[in-house]
Amino acid sequence: MSAADPAGPGVAVLDGFAPVPLDEAPAVSRLLEELGLGGFDADDVRTRPGRNRLWFGVTTTGVDVFAKELTGDPSDVASRWERTLAFHRSAAARQIAHPRLLGADGEDAVVAFEYLAGVTGVELMVREEFSPSDAAAVGDLVGALHASPIGDESALRVAHPAERFLKLASAIPAPLYEQLSMAQLHAWRLLQRDEPLLQAIRSHLAAPPPRDTLVHGDLRVDQLLRVEGRWLLTDWEEFGAGDPARDVGSFVGEWMNRAILDVPTDRGDDRPFDVEEMTHELMMQRAIEKILRLQPIVSAFWSAYAHRRCDVDEAMRRRVVFEAGWHLIDRMLASAMDAARLGGIQRAAAGIGRAMMIGPEQFGDAIGLA
Ligand SMILES: Nc1ncnc2c1ncn2[C@@H]1O[C@H](COP(=O)(O)OP(=O)(O)O)[C@@H](O)[C@H]1O
Ligand SMILES: [Mg+2]
């Protein structure tokens, strides 16, 4: 990886994607018409890569709209639909900055939001322009969400993805096995044999969080949007009641993942990186250097978050470290999805994640949760 590839591995480049033709998703135009917004100009509509189908642009009545059709397994789509609407109805939505919902069509799982011209957290992260004060603003938002009262949302439990992970770790069903890439098979072979890791996950899941809060449920940096200096949280498809450490750990894990993926690159270094052979020792030494370099971001996020919530104690810190470690393993599995082989860096990231999950008490200060 060289300086000519600034995004580095695992980061989607956001330009250059063509939207799905609107006549293949008639429910989108139907909803916009029903809402009195007119239609998108088919030649001027844009998209972003993601798990759903997205269109954004100006409509014929001059409104900036961001429309999304939820796609995937029908029961999953129904859950994500319900959670999206539940957030927009919740008392928390009045306090947490987010793009305004213009309308929704439950039949076809289409939602329309105001489009906000801004910059996403992942873009700023890749450009190395995500500052500690940005992180503090995001920490404040997440703290406000977690401090909001839970109402009807208590019925929308946010399950830990490790519940499914444990099932797969004991046996991968044949139909899924046939879909896995070589890299995923390799990853599962390593994970299935890793008894200390599996035991750490079982104990974590067996000890419920001291308190459930409202949670975003999928707090990665690409869900953050900065518009004219103000941060908003987007994509509320996993919203519900659950362990606050999930959100905090995802955000922290995003930065650790970035740090580790940057090990073989010059990004953030003050001198070119050029070695003949990347040994395990060198990889770990550089991973630590890169994590320390991003520590001010995690620290700023954590202090602003802690300022909003009074119950940020040692137990919470450990849960956050566990979740950040989990995030590293989750990203490793995600990056293995289309890969023929599991890269050394991905394995190193998962190895660090594993150590954090097994011994979370050793990592809090080092990663910036002080
Ligand atoms: N209303 C909006 N205006 C502008 N950008 C948005 C808006 N909502 C989300 N985004 C950005 O678009 C990207 C994809 O949106 P998202 O809702 O996360 O879709 P997906 O469900 O496919 O992940 C995110 O990176 C987010 O920052
Ligand atoms: Mg998203």
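Re the overall build of the protein chain
Step number 1: When helices and strands are tallied, the protein chain shows 13 helices and nine strands.
Step number 2: Since a compact globule built from 370 residues should have a radius of gyration of about 21 Å, the 21 Å found for the protein chain is in line with a globular shape.
Step number 3: Dimensions of the protein chain along its principal axes, counting C-alpha atoms only, are 60 × 45 × 45 Å.
Step number 4: Within the span of the protein chain, comprising 370 residues, buried residues form 41% of the whole.

Let's talk about the confidence of the model for the protein chain
Step number 1: Counting all residues, the mean pLDDT for the protein chain is 91, and 96% of those residues have values of 70 or more.
Step number 2: Across residues 1-13, where pLDDT falls below 50, the model places 20 contacts with residues more than four positions away in sequence or in other chains.

A short note on the site of ligand 1
Step number 1: The full set close to ligand 1 counts 18 residues, and Gly50, Phe66, Pro99, Thr234 and Asp235 are the nearest of them.
Step number 2: Looking at side-chain class alone, the shell around ligand 1 contains seven nonpolar, five polar and six charged residues.
Step number 3: Mapping the shell around ligand 1 onto the domain boundaries places at least three of its residues in each of domain 1 (22-116) and domain 2 (120-367).

Section: the sheet that holds strand β1 (residues 53-58)
Step number 1: Spatially, four strands are ordered β1-β2-β4-β3 in an open sheet, and the strand pairing comes out antiparallel. Of all the strands in the sheet, the pair left with one neighbour each is β1 and β3 (101-105). Between one strand axis and the next, the sheet turns by 15° as a mean value, whatever way the strands run.
Step number 2: Bridge count between β1 and strand β2 (residues 64-69): six bridges; the pairing is antiparallel. Across the sheet, the residue bridging to phenylalanine 56 is phenylalanine 66, located in β2.

A short note on helix α11 (residues 314-335)
Step number 1: For α11, with 22 residues, the first-to-last C-alpha span of 32 Å sits near the 32 Å given by 1.5 Å per residue.
Step number 2: Judged by how many residues are buried, α11 sits mostly within the fold: 19 of 22 residues are covered.

Comments concerning the domain arrangement of the protein chain
Frequently, the measure chosen for interface size is the accessible area that the parts lose on association.
Step number 1: We note that the domain assignment places domain 1 (22-116) and domain 2 (120-367) within the protein chain.
Step number 2: Computed over C-alpha atoms only, the centres of domain 1 and domain 2 are separated by 28 Å.
Step number 3: Counting from both sides, the interface comprises 14 residues of domain 1 and, opposite them, 21 residues of domain 2.
Step number 4: Broken down by class, the residue content of the side of domain 1 that touches domain 2 amounts to eight nonpolar, four polar and two charged.

Quick word on the pairing of β3
Step number 1: Two strands pair when backbone bridges link them, and β3 and strand β4 (residues 110-114) are joined in this way by four bridges, in the antiparallel orientation. For aspartate 105, the partnering residue across the bridge sits in β4 and is valine 110.
Step number 2: Remark: four residues form the turn of the hairpin made by β3 and β4, two consecutive strands paired antiparallel; alanine 109 in that turn has positive phi of roughly 55°.

Some points on the packing of helix α5 (residues 161-170) against helix α8 (residues 195-206)
Step number 1: With their axes 11 Å apart at the nearest point, α5 and α8 run at an angle of 140° to one another. Taken as axis vectors, α5 and α8 run oblique relative to one another. Viewed along their axes, α5 and α8 form a crossing whose handedness is left-handed. Across from Ala162, Glu163, Leu166 and Ala169 in α5, the residues of α8 making contact are Leu198, Ile201, Arg202 and Leu205.
Step number 2: Of the residues belonging to the contact of α5 with α8, the class tally is six nonpolar, no polar and two charged.

A few points about the sheet that holds strand β5 (residues 119-120)
Step number 1: In space, the three strands of this open sheet follow the order β5-β7-β8, with antiparallel pairing throughout. With partners counted over all chains shown, the strands left at the sheet margins are β5 and β8 (230-233), one partner each.
Step number 2: As defined by bridge partners, strand β7 (residues 224-227) adjoins β8 across four bridges and the pair is classed as antiparallel. Looking at β8, one finds that leucine 225 is bridged to leucine 232.

Some points on the pairing of β8
Step number 1: In β8, alternate side chains face the same way, and those of Trp231 and Leu233 are buried while those of Arg230 and Leu232 on the opposite face are not.
Step number 2: Between β7 and the antiparallel strand that follows it, β8, lie two residues; glutamate 228 among them carries a positive phi value of about 45°.

Re the packing of helix α9 (residues 244-261) against α11
Step number 1: Viewed as axis vectors pointing N to C, α9 and α11 meet at an angle of 55°, and their least axial separation amounts to 7 Å. Here α9 lies oblique to α11, going by the angle between them. You can see that α9 and α11 cross each other, and the crossing is right-handed. Note on element contacts: α11 touches α9 through Met316, Arg319, Val320, Phe322, Glu323, Ala324, Trp326, His327, Leu328 and Arg331, opposite Ala245, Arg246, Val248, Gly249, Ser250, Val252, Gly253, Glu254, Met256 and Asn257.
Step number 2: In terms of residue class, the contact of α9 with α11 is made up of ten nonpolar, five polar and five charged.

Quick notes on the rules
Counting of residues starts from 1 at the beginning of each chain's written sequence and follows it residue by residue. Naming scheme: in the order in which they are written, chains are lettered from A and ligands are numbered from 1. Local features are withheld for residues below a pLDDT of 70 in this predicted model, meaning they are given only at 70 or higher, and side-chain atom pairs are given and counted only at 80 or more; totals for whole chains, interfaces and linings count all residues. Strands are runs of DSSP state E lasting at least two residues, helices are runs of H or I lasting at least four, and both sets are numbered from the N terminus onward. Only C-alpha atoms enter the radius of gyration; for comparison, a globular chain is expected to reach 2.2 Å times N to the power 0.38, where N is the number of residues. Three exposure classes are used. Buried residues have 20 or more other C-beta atoms within 10 Å of their own C-beta, exposed residues have 12 or fewer, and partly exposed residues fall in between, all C-beta atoms being placed from the backbone. Every residue carries a pLDDT, the predictor's confidence in it, which falls somewhere between 0 and 100. With C-beta atoms placed from the backbone, a contact is any residue pair whose C-beta atoms sit within 7 Å. For each residue, a C-beta atom is placed from the backbone, and the residue is labelled near a molecule or strand when this atom is within 6 Å of it. In this classification, Asp, Glu, Lys and Arg are treated as charged, Ala, Val, Leu, Ile, Met, Phe, Trp, Tyr, Cys and Pro as nonpolar, and every other residue, Gly included, as polar. Where each domain begins and ends is defined by an automated method or by a domain database. By definition, two strands form a pair when at least two bridges between them are found by DSSP. Note on geometry: axes are lines fitted to C-alpha atoms, helical ones only across the stretch in contact, with angles between N-to-C directions running from 0 to 180 degrees. A helix is expected to reach a length of 1.5 Å times the quantity of its residues less one. For classification purposes, an angle smaller than 35 degrees is called roughly parallel, one larger than 145 roughly antiparallel, one from 65 to 115 roughly perpendicular, and anything else oblique. Crossing handedness is read from the near helix: turned anticlockwise from the far helix by less than a right angle, it gives a left-handed crossing, and turned clockwise, a right-handed one.

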